[in-house]
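Summary of structural features
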Amino acid sequence: MTGPVLVGGVGLPWLRDLDFGTQFIVRVESESWPDDVILEDLSYAAHRVLHRLQEIVPRKVVLVGAMPRDVDPPGTIRCYTLDLTPPPPEEVHERLTEAVGGIIDLDHTLAVVRHWHALPEDTTVIEVEPADRSFGLGFSEPVEAAVEEVLRLVRQKVGAIEPRT
Amino acid sequence: MCFKNLPIEFDLDGNARLRDGIDDPYAVTVAAPKEYVRLPDGPGATSAAPPRLRDWSIDPVTRVAGALAVHTVLDLDKREAVEAHSQAMLFRGYEVILKGRDPRDAIDISSRACGVCGGVHSTVSALAIEQAFGICPPPLGVLVRNLGEVGEMFYDHPLHLGLLAGPDYSTSIVAVTNPELVTLAERTPARHADVHGFKTMKDLMDALNPLTGKIYLESLEYTRVGRIMCMQMYGKYPHPSTLVPGGVSTTISTSSFNEYYTQLGKIFDYCKVMAATWDDIADFFLEANPEYERVGARPTNLIQTGIWDDPEAYDATYANCNEWGDKRWALPGIILDGELRTTRLTDINMGVEEFVEHSYYDDWTVGTTPRFAADPLGNPISPYHAWNKETIPRPQGKNFKEKYSWDCAPRWDRQVMETGTYGRMWTTALAGRTPDNPFLESTGDGLRIVLPRHGLPEMELNWKVPRTLNALERNRGRAYAMGFTAAIGMNCILKAFEYWRNGETAVSVPYKVPKDERVAVGFWEAGRGFLTHHLHMDGGKIVNYQINTPSTWNASPRDPFGNPGPYEQAIVGTPILESVSDENVKGIDILRAIRSFDPCMPCTTHMDTGRGVIVREVNSCGCTLE
């Protein structure tokens, strides 16, 4: 595999913690990263992300976003290697139909890109449990506190050297 | 004279004025909503059996976002829909967000008003702002915008025809609702097999199947081509950041145009195939059962703002908007009962009012004096006009007799108007004029479109103005709209090459943000038609900003006069043509009626199962919403 490493943020603009993916990328993109690492805001509909992945063919992907699963306390970080088995076609169709209408949703993205096998085996998802889902800018306290740990996890996953302190 | 309800008349020089002697020219007399009477009326009513009615809700139309719900009543004896309410379920709030901001912020922020086609909002916002600032883009800047918007339509239209509306006519759906049509399709040759390659109608309907059908998959792929075209002109898509007042900030090069031209070439064949596909689909259904003509039918009342400017005519001023509007490739216009009444943007603008009688807003006219009695040219405008509007949300419970939607009710001359991609073809066709060019001709009753050779040979498409505005004709029109758009794209790219060769390569002009009071409007069109942004600024900040989108018109609830909105009109009278028993009716014909408008909310097929509505936060298309 010779493609780049893609770190993608998926967020919902102006919805505070739900915009974590986008804002995380904005915060860290100016830091030092290996040459083959691409940091991108992937906060757009699932099929557009599919097309983007098909264009760059990454060898490794790390996706970052806030997902309200309502099972963990706010600020909880869930980091997992993605099972690339696609959901059933009916579910993919439902999610794609929503996505083409403009809905941004990490689960929609994961369903659609897995259906078309656009993710490499080495794909990690890092989710943060949001606290504040209201309109506005900036993160809630627990989510703000998770930023550094998410950054550490991303660096670890992409093989980036920790910046000197 | 194009107004019959508003007391607006024109003097001999064509200047509009209010008729004398009317105390309150914009008075609103509220009428009770026209509801379906559930019991028979008249002689013998008491002995007549009550109709077998079924409340039928498509709620939420989107599976979880719940942006649109449609509540209908089906008469199972007559097998048709007899009542409908269209309910926009979310408050958008951009107008509130934009107050007090630098007007340039509106370009980026309003872009998010639509998750499908953010470029059109950025563009119309830039148009409004450059009008307010008193600047005009260089000709190539206008062409780059035109080309970007051609690209965006090729993102939008394939999505609708291939992924949203197409499956309604696919084998997988029709086999459930009308299995006899699948049997008929198996033995019916497809008339345009030589173009699209499918021998029988069954083959063609197979190609519309979700996730597996060839047309479904190709349509998904062509959205990539549209997106690339946008990116060539805008640098980034979706939600471009390069649309600015006075042009674009993209770094344009020869290769930008060359690459765009390459992508446009790929589109030609897809346009030919889609026109052939939807001709065959529409004709097959109409011939199998002429009752399909009634599905989604409503009066041919259309309102369009026009799109794709002539770089030599467009000067960004309101004073000359009738002149440059008349030079647009797709013309603005008002069509009433099938007749083109005007193509003047000032007529369109002064006739628009927005009502909130049945919307979750307070009436801003109560106890206040309108900011403006006239537009900048002195044409009268209503207290209910966008320049006078205030967005005052008032959330409350749903009550169909009172308030039931976050959408307001825009009306033109107090009449219910629809807008669409096909609408701009309709106005252009009826106007009977197009600039001299090799690819597109308005014939007065249709459009002649010449698409150059690519994989398929050069082909002439002829779209005729339909006799009825219904679901199938909306889809057929949208399919031809792709050829229409490609022809405009060809003209614009050739013109752009000309400017480029002549060294006229500027795409933007410098500007300063004025500090005095300014009033402006951007007229443009989205994939689905009519689009305006009305701006009032002072002290370098936005005082008021109002967005009016296609789905604001199409999804509107009833107005104060009791008239249903376009979706509602289109549903009432739609026959239930499914050949299954009452208990197995899926409501597909109602869904076809709604989807044919290409609602900005993704109009999925999820019926209310009684399991309730899942609510979650979304960032999506909120085009119908305030």
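Now for a look at the structure at hand. (Residues numbered from 1 in each chain as written. Chains lettered and ligands numbered in written order. Predicted model: local features only at pLDDT ≥ 70, side-chain atom pairs only at ≥ 80, totals over all residues.)

Structural notes on the overall build of chain B
For the record, the criterion: Where helices and strands are cited, they refer to DSSP runs of H or I of at least four residues and of E of at least two residues respectively, numbered from the N terminus. C-alpha atoms define the radius of gyration in this analysis, and the globule rule sets the expected value at 2.2 Å times the number of residues to the power 0.38. In this scheme the burial state of a residue depends on its C-beta neighbours within 10 Å: 20 or more other such atoms mean buried, 12 or fewer mean exposed, and anything in between means partly exposed; the C-beta positions come from the backbone. By definition, residues are in contact whenever their C-beta atoms, placed on the basis of the backbone, come within 7 Å of each other.
Within chain B, the secondary structure is distributed over 17 helices and 18 strands. A compact globule built from 626 residues should have a C-alpha radius of gyration of about 25 Å, and chain B, at 24 Å, falls within 12% of that. With the principal axes as the frame, chain B shows a C-alpha extent of 70 × 65 × 50 Å. Here chain B holds 626 residues, and the buried ones make up 59% of them. Here the contacts in chain B between residues at least 6 apart in sequence split such that 73% fall between residues at least 24 apart.

Some thoughts on the overall build of chain A
From N to C terminus, chain A includes 5 helices and 5 strands. Seen in sequence order, chain A has helices and strands lined up from the N terminus as β-α-β-α-β-β-α-α-β-α. Taking 165 residues into account, the globule formula puts the C-alpha radius of gyration at 15 Å, and chain A, at 15 Å, falls close to it. Projected onto the principal axes, the alpha-carbon positions of chain A cover approximately 45 × 40 × 25 Å. With 165 residues in all, chain A has 47% of them scored as buried.

A closer look at unusual backbone geometry
Residue and element names in this part refer to chain B. Cis rather than trans, the peptide bond between Tyr237 and Pro238 has omega equal to 10°. When you line up the elements, Pro238 lands in the loop between α9 (214–234) and β6 (243–244). A positive phi angle, near 50°, is found at Asp337, a position not held by glycine.

Side note on helix α17 (residues 588–595) of chain B
Along α17 of chain B, 8 of the 8 residues are buried, which leaves the element largely enclosed by surrounding structure. Within the sequence span of α17 of chain B, burial applies to Ile588, Asp589, Ile590, Leu591, Arg592, Ala593, Ile594 and Arg595 of chain B.

Focus: the packing of helix α4 (residues 139–164) of chain B against α9 of chain B
Residue and element names in this part refer to chain B. Stated precisely, the cut-off is as follows: Whenever a helix is involved, its axis is fitted only over the stretch in contact; in every case the axis is a line through C-alpha atoms, and angles between N-to-C directions fall within 0 to 180 degrees. Each angle is binned into one of four classes, with values under 35 degrees roughly parallel, values over 145 roughly antiparallel, values of 65 to 115 roughly perpendicular, and all other values oblique. The handedness criterion is simple: a crossing whose near helix is rotated anticlockwise from the far helix by less than a right angle is left-handed, and one whose near helix is rotated clockwise is right-handed. Just so you know the grouping, Ala, Val, Leu, Ile, Met, Phe, Trp, Tyr, Cys and Pro go in nonpolar, Asp, Glu, Lys and Arg go in charged, and all remaining residues, Gly too, go in polar.
Taken N-terminus to C-terminus, the directions of α4 and α9 make an angle of 165°; their axes are 8 Å apart at the nearest point. On the basis of the axis angle, α4 is roughly antiparallel to α9. Remark: the crossing between α4 and α9 carries left-handed chirality. Split by residue class, the contact of α4 with α9 holds 18 nonpolar, 6 polar and 2 charged.

Here's the deal with the pairing of strand β5 (residues 80–88) of chain B
Residues and elements named next belong to chain B. Cut-off, in case you're wondering: Strand pairing requires that DSSP identify at least two bridges connecting the strands.
In terms of burial, β5 is largely enclosed, as 8 of its 9 residues are buried. Bridge count between strand β4 (residues 68–75) and β5: 8 bridges; the pairing is antiparallel. Residue Leu68 lies in a different strand from β5, and its bridge partner there is Ala88. The turn linking β4 back onto β5 is made up of 4 residues, and Arg79 within it adopts a positive phi angle of 55°.

Concerning the sheet that holds strand β4 (residues 77–81) of chain A
Residues and elements named next belong to chain A. Judged by pairing direction, the sheet is mixed, and its 5 strands sit side by side in the order β2-β1-β3-β5-β4 without closing on themselves. Only two strands of the sheet have a single neighbouring strand rather than two, namely β2 (37–41) and β4. Each adjacent strand pair in this sheet contributes to an overall mean axis angle of 15°, direction not counted. In the sheet, strand β1 (residues 5–10) pairs with strand β3 (residues 60–66) via 6 bridges, with the strands oriented parallel. For Val5, the partnering residue across the bridge sits in β3 and is Lys60.

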